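Residue-level structure breakdown
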Amino acid sequence: MRFVLVPGHTDAVENVDGLARFVAALGNVERVDVLPFHRMAAGKYARLGLTFPLADVKPPDRALLERVHAQFAAHGVRSV
C-alpha cells in the first residue's frame, strides 16, 4: 500500500493511526510505502499556466518521517 505524506494535510497523528489500524486489520498487506511529498510538479503547473496548489507546503522533515514510521510499527505494520 502507498501513503503520500503531505505535511499539514495527511500527517495528523489521528490520520496515520487510523490508516495503520486499517492496514493492520487487513492482514494481507506486506508493507506501506510512505511517499514523502515533494514539489516536482511545480514546474509542470507553471508551464501549463496553473497555480500549484501545494506551493507553500514543505517536504516532510526527518522527524516527521520517523514519527510516521513509528506509528505504523506500533500497529505491527512494516513501512518503508
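Right above here is the structure, for reference.
First, a word on scope: everything that follows refers to the structure included in this document. Starting from 1, residues in each chain are numbered consecutively following that chain's sequence as written. Residue-level local features of this predicted model are given only where pLDDT is at least 70; pairs of side-chain atoms are given and counted only at 80 or more, and the full residue set underlies all totals for whole chains, interfaces and linings. Calculated side-chain values reflect all of the structure's heavy atoms, with hydrogen atoms and water omitted.

**A closer look at a nonpolar patch on the surface**
How we decide: Patch building starts from residues that exceed 30% relative accessible area and form no salt bridge, then joins like charges within 9 Å and nonpolar side chains (Val, Leu, Ile, Met, Phe, Trp, Tyr) within 5 Å. Working definition of accessibility: Shrake-Rupley area with a 1.4 Å probe, residue cover restricted to the visible protein chains. Should a side-chain nitrogen of Lys or Arg be within 4 Å of a carboxyl oxygen of Asp or Glu, the pair is scored as a salt bridge. Strands here mean DSSP runs of E at least two residues long; helices mean DSSP runs of H or I at least four residues long; both are numbered from the N terminus.
A cluster of nonpolar side chains, M1, F22 and L26, forms an exposed patch at the surface whose accessible area comes to about 280 Å². Here F22 is to be found in helix α1 (residues 13–26).

**Focus: the side chain of S79**
Note the threshold: For every residue, the accessible area (1.4 Å probe, protein chains only) is compared with the maximum for its type, and the residue is labelled buried under 20%, exposed over 50%, or partly exposed between those bounds. By the criterion applied in these results, polar contacts are pairs of N or O atoms within 3.5 Å in which, for protein atoms, one can donate a hydrogen and the other can accept it, and in which residues neighboring in sequence qualify only through two side-chain atoms. Contact criterion: two residues are considered in contact whenever any of their non-hydrogen atoms come within 4.5 Å of each other.
Tracing the chain through its elements places S79 in the segment after α3 (62–74). Given a relative accessible area of 16%, S79 falls into the buried group. Reaching out from S79, the side chain makes a polar contact with the side chain of H69 at a distance of 2.5 Å. Excluding its chain neighbours within four sequence positions, the residues that come into contact with S79 are V32, V34, H69 and F72.

**Focus: α1**
Worth spelling out the cut-off: To estimate how far a helix should extend, the number of its residues minus one is multiplied by 1.5 Å. The arc in question is traced by the directions running from the helix axis to the C-beta atoms.
Between its terminal C-alpha atoms α1 stretches 20 Å, which fits the 20 Å expected from 14 residues at 1.5 Å a residue. Those residues of α1 not exposed but buried are V16, L19, A20 and V23. Viewed along the axis of α1, the buried residues span an arc of 100 degrees, placing them on a single side of the element. Opposite its buried face, α1 presents the exposed residues E14 and A25, each directed more than 90 degrees away. For α1, the secondary structure elements touched by its buried residues are β1 (2–5) and α3. Once α1 finishes, G27 follows within two positions and takes phi at roughly 80 degrees, a positive value.

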